[in-house]
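# Working through the structure, step by step
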Amino acid sequence: MSEVIRPLTHLVNLQSPLSLSDYIREGGYQGASKAIHDYSPKQVLDLVSDSGLKGRGGAGFPTGMKWSCVPMFPDTDDSNDEVPEFKYLVANADEMEPGTFKDRYLLEGVPHQLVEAMIIGAYTIAANRGYIFLRGEYHLAAKRLQQAIDEAYQQNWLGKNIQGTSFSFDLYVHTSAGRYICGEETALINALEGRRANPRAKPPFPQMSGLFGQPTVVNNVETLSNLPHILKHGADWFKALSPNSDPGTKIYAACGRVKSPGLWELPMGTTIREVLYQHAGGMADGLKLRGLLPGGASTDFLLPEHLDTPMDFDSISKAGSRLGTGGLIVLDDKNCPVAMVLNLLKFFAQESCGFCTPCRDGTPWAVEVLTRIENGTGRKEDLDTLHNLCDFMWLGKTHCALAPGAVEPLKSALRYFIDDFEQHIDNGCCSYQQQGFTQQNHAVQSSHGGQIHG
Amino acid sequence: MEYNMSSMPQINIVNIDYRQYLSATEIASIEHEVSIMETREAAGIEALKIVQEHRGWVSDDSLYAIADLLNMPEAELEGVATFYNLIYRQEVGQFVIHLCDSVACHLTGYQQIYQTIKTHLGIDYGQTTPDKKFTFLTNVCLGGCDKAPSMMVGKQHYQHLTPENVVKILTGLANLESENV
C-alpha cells in the first residue's frame, strides 16, 4: 500500500538499507527489467515525458524534455551516423543547498533505487557510462552506494549485456571534496573532468556536449528515483499521485526551530501549512512564525499569509518564490531576519567560484554591508546599496545562477523585513541579541583561515 | 653583439622525479582511479584525496608528485586542490572538526557550539591545537538540518549538538587517540 502513495521512500531503511536480493523481493528492479526487456528507449522516453516528471533539484525542468535533447535513436532518425558512440548519465548527488537533506535520505536509505533508476535513464539515452557525483561529506552514502553497485555488478544488473540484453552500462561513484558550485550541472562536469569547477557557458548544453565533450545528462537524485516507479506503474498512476498539475510526490522537509524537524514524502502540491503544522508539528514552544524559505537557501522568503500556498512549481512562483528543493527553512520571531540573511549571504560569498565579477565582488560586498547593519553601524544609504546589489547580481548579469540565488532571499527580506533593517540602523544595534545568541563579529573567513576573495 | 656559447656559465638542470614522493600503495590506488576515467587529469581530486588519506594533508611535494603522475601542470592541480573545502593544503591535526555554519544550524544556535569548541580547545577557525590533535574549520550545510546543530569530525557526523555534548565528544576523541598510542 505504501508503495502506492510513497513510492520514493517506502523502502528506505537508514539503519541497514536493503541488499540487492531483499530489494528485489520488495519489488525492486522490476522497473529496470521492464525497461530493458519490454520497451525500446524511445518508449521509455515517451513514458517519462507523458508522466510529466519535473526535475527535483530546484529548477523544475521537465525530465523528458531534458532527455529528448540528447542525440539518439538511430533506428527512427534519418541522421543515423550523427549519433555519438559515447554518452554519459550523471546523478547529481552533490546536495549542498543549505536546509536540504532529502537526497541524503534516499542515498543512505535505499541506494539500490538510485542504481536501478540510473540503469533506466542510461538505457533511455543509450549512455555507456554513468557517474554518481556525490558530495564528499556524505561518507556513509558513498559506502552504501559502492556496496549496491558491487552487488549490481555481481548480479549482472550493471556491466556488459545486462540481464541478457544487448545493453551495457558501467556505473561509478565519484566523491567530491566540498564545494557548493559543483551542484551546478556544467560545474559538475568540469569537476568530473578534474578541472577547477567553474560553470561553463551554455550553449552548448550538456545534452549535446557535456562530459569529455560527449552528450551528457545530469539529473538530481530525487528526480531519478522516480523512474523505477513510473516504469512499474505507468504515467497515469504517477499523475494521479498529485491532485494538481505537477505530478508525483515530493520529499518536503522542514528545519529551523519547529517542533519536529524532518522530511516527508507527500503529494506534490501539499500546502505549506500542512507541511509546517501537520508534519513538522508547528513552531517550537514560545515561538511565532516570521517567515520561511520554501526550498532551500536560494529561494525568496514567504510570509505567514502564504501558508495556504500549495508547494508545487507554479503556485510557489505565483506567491513570489521558488519551490527549489522543497525544504522549508523556518524563521521564528526570536531569530533576527537580518542575521539570517547575513548568514545566507556569507554562504554564497564563500561558495562563489569567483569566475564572474558581479558574483565574486557582489556577494562579499553584500556581506560587508549586512555585517555593518547587523552590528549596529549601518547607515541609511546601505539599504540603497543592498537594493542595487540585488540588481547587479540578478539573472542575465552573471555567469550562472549562484548570485541570482543569493539575491532571492536578500531582496525578499528587504521587502518583507524592511522594518527590521531600519530599526537596526536607527537604534544602532540588533534588538534580537538579548536572547543569548552572540552574533559573530569576526570577519568572514574561508576554511583555511584566510580572508575570502583576497 | 656576439655570444660565445662556450664561455657561458654552465647551468645544471636537475630533473627531480616527484613520483619518488608517493608510496607504491598510493600510486596503485591513483592508477586505479585513472583507469575508470577518460583522461589522467580527471582523477585529480581522487588522487589528492588518496594522498590525504595516507598523509593527513597534501604538501607541496605531494602535489607536485601527483601532478607529475597525472601528466598535468602543477598549477592546474593546485587550482583544483584549493577549490575544495576538504582538501587540506596545510598541515592539520589528527581530528579535523568541520562545524556547520549554514542557515539551519544558524537558526538553532551553532554560535554557542562555536564558542564552546573555541573555549574548550583554545583555537579559532583555521587553527590547530599545539598538540596537533585538533584542527577547527567551518563547513557549509552538512545535510543534517533536521538534527541541527551539526558537525563532522573525520568521516563521522555528529548531530543535535549542545555545548555539553560537544565537549564530551571532543574529550572522547582526545582519549581515543591516547589509547591508540
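Residues numbered from 1 in each chain as written. Chains lettered and ligands numbered in written order. Predicted model: local features only at pLDDT ≥ 70, side-chain atom pairs only at ≥ 80, totals over all residues.

## Quick notes on the nonpolar core
Note on soluble globular proteins: their nonpolar side chains tend to be buried together. Counted only if it meets this: Only buried residues count toward a nonpolar core: Ala, Val, Leu, Ile, Met, Phe, Trp, Tyr and Cys, linked into one set through C-beta atoms within 7 Å. Exposure classification rests on a simple neighbour count of other C-beta atoms within 10 Å of a residue's own: a residue reaching 20 or more is buried, one at 12 or fewer is exposed, and one in between is partly exposed. C-beta atoms are placed from the backbone. Helix and strand assignments come from DSSP, with helices taken as H or I runs of at least 4 residues and strands as E runs of at least 2, each series counted from the N terminus. Two residues qualify as a contact pair if the distance between their C-beta atoms, derived from the backbone, is within 7 Å.
Leu-114, Met-118, Ile-119 and Leu-345 of chain A together with Ile-66 of chain B are the most contacted members of the largest nonpolar core, which totals 190 residues. In terms of residue count, helix H15 (residues 337–351) of chain A provides more of this core than any other element does, 10 residues in total. Apart from residues lying up to four places away in sequence, Leu-114 of chain A is in contact with Ala-91, Leu-106, Leu-107, Ile-132, Val-221, Leu-224 and Ser-225 of chain A.

## Description of the domain arrangement of chain B
The condition is simple: Domain limits in this description derive from either an automatic procedure or a database domain assignment.
When the domains of chain B are assigned, the result is domain 1 (18–81) and domain 2 (95–180). For domain 1 of chain B versus domain 2 of chain B, the separation of C-alpha centres amounts to 29 Å.

## Focus on the pairing of strand S7 (residues 289–293) of chain A
Side chains on a regular strand alternate between the two faces of the sheet. Residue and element names in this part refer to chain A. Condition: Pairing between strands requires that DSSP locate at least two bridges from one strand to the other.
Of all the five residues making up S7, four are buried; the element is thus mostly covered by neighbouring parts of the structure. Sheet topology note: the S7/strand S8 (residues 327–332) ladder contains four bridges and is antiparallel. Across the sheet, Leu-293 pairs through a bridge with Ile-329, a residue of S8.

## Quick word on the sheet that holds S8 of chain A
All names here are of chain A. Just so we agree on the cut-off: Angular values range over 0 to 180 degrees, each being the angle between N-to-C directions of two axes fitted as lines to C-alpha atoms, with helices fitted over their stretch in contact.
Reading across the sheet, the four strands line up as S6-S5-S8-S7 and stay open at both edges, with mixed pairing between neighbours. At either end of the open sheet lies a strand with only one pairing partner, and these are strand S6 (262–267) and S7. Within this sheet the neighbouring strands show an average axis-to-axis angle of 30 degrees, counted without direction. Pairing of strand S5 (residues 249–256) with S6 involves six bridges; the strand directions are antiparallel. Residue pairing in the sheet places Ala-253 in a bridge with Leu-263 of S6.

## A word on the pairing of strand S3 (residues 134–139) of chain B
Residues and elements named next belong to chain B. Counting buried positions along S3 yields six of six residues, so the element is predominantly enclosed. Residues Phe-134, Phe-136 and Thr-138 line one face of S3 and the alternating positions Thr-135, Leu-137 and Asn-139 line the opposite face, and both faces are buried. Here strand S1 (residues 95–100) pairs with S3 via six bridges, running parallel. Residue Phe-95 lies in a different strand from S3, and its bridge partner there is Phe-134. Strand direction decides the pairing type here: strand S2 (residues 127–128) and S3, joined by two bridges, are antiparallel.

## Section: the sheet that holds strand S1 (residues 88–93) of chain A
All names here are of chain A. The four strands lie next to each other as S3-S2-S1-S4, forming an open sheet whose pairing is parallel. A strand with exactly one partner marks an edge of an open sheet, and here the two such strands are strand S3 (170–175) and strand S4 (216–220). Across the sheet, the axes of successive neighbouring strands diverge by a mean angle of 20 degrees, strand direction being ignored. Pairing geometry for strand S2 (residues 129–134) and S3, over six bridges, is parallel. When the bridges of S3 are listed, Arg-129 appears paired with Asp-170.

## Side note on the interface of chain B and chain A
Here is the rule we go by: Amino acids outside the nonpolar list (Ala, Val, Leu, Ile, Met, Phe, Trp, Tyr, Cys, Pro) and the charged list (Asp, Glu, Lys, Arg) are all regarded as polar, and Gly is one of them.
In this complex, chain B contributes 42 residues to the contact, which on the side of chain A involves 46 residues. Those elements that provide at least two residues to the side of chain B that touches chain A are helix H2 (44–55), helix H4 (74–81), helix H5 (103–107), helix H6 (110–121) and S3 of chain B. At four residues, the largest contribution of residues to the side of chain B that touches chain A is made by H5 of chain B. Class assignment of the residues belonging to the side of chain B that touches chain A gives a composition of 20 nonpolar, 17 polar and five charged.

## Some words on the packing of H15 of chain A against helix H16 (residues 357–374) of chain A
Residue and element names in this part refer to chain A. What counts is decided by this rule: Roughly parallel covers angles under 35 degrees, roughly antiparallel covers those over 145, roughly perpendicular covers 65 to 115, and oblique covers all other angles. Should the near helix be turned anticlockwise from the far one by less than a right angle, the crossing is termed left-handed; should it be turned clockwise, right-handed.
Two elements in contact, H15 and H16, have axes separated by 9 Å at closest approach and are oriented at 155 degrees. Considering the angle they form, H15 stands roughly antiparallel to H16. As for how H15 packs across H16, the hand of that crossing is left-handed. When H15 is examined against H16, the residues Val-338, Ala-339, Val-341, Leu-342, Leu-345, Lys-346, Phe-348 and Ala-349 are found in contact with a partner set consisting of Thr-363, Pro-364, Ala-366, Val-367, Leu-370, Thr-371, Ile-373 and Glu-374. Residue classes in the contact of H15 with H16 are distributed as 12 nonpolar, two polar and two charged.

## Quick word on the confidence of the model for chain A
Filter applied, for reference: For every residue, the predictor assigns a confidence score, pLDDT, that lies between 0 and 100.
Considering every residue of chain A, the mean pLDDT works out to 92; 93% of them sit at 70 or more. Confidence drops under pLDDT 50 across residues 434–454 of chain A; counting only partners more than four residues distant or on other chains, this segment forms 36 contacts.

## Digging into helix H8 (residues 139–154) of chain A
Residue and element names in this part refer to chain A. Stated precisely, the cut-off is as follows: Expected helix span is computed as 1.5 Å times (number of residues minus one).
The terminal C-alpha atoms of H8, which comprises 16 residues, lie 23 Å apart, in line with the 22 Å expected from a rise of 1.5 Å per residue. Within H8, burial applies to Ala-141, Ala-142, Arg-144, Leu-145, Ala-148, Ile-149 and Ala-152. Residues of H8 that are buried make contact with helix H2 (20–25), helix H6 (102–109), helix H7 (111–125), S2 and S3. Among the residues trailing H8, Asn-156 stands out with phi positive, at a value near 65 degrees.

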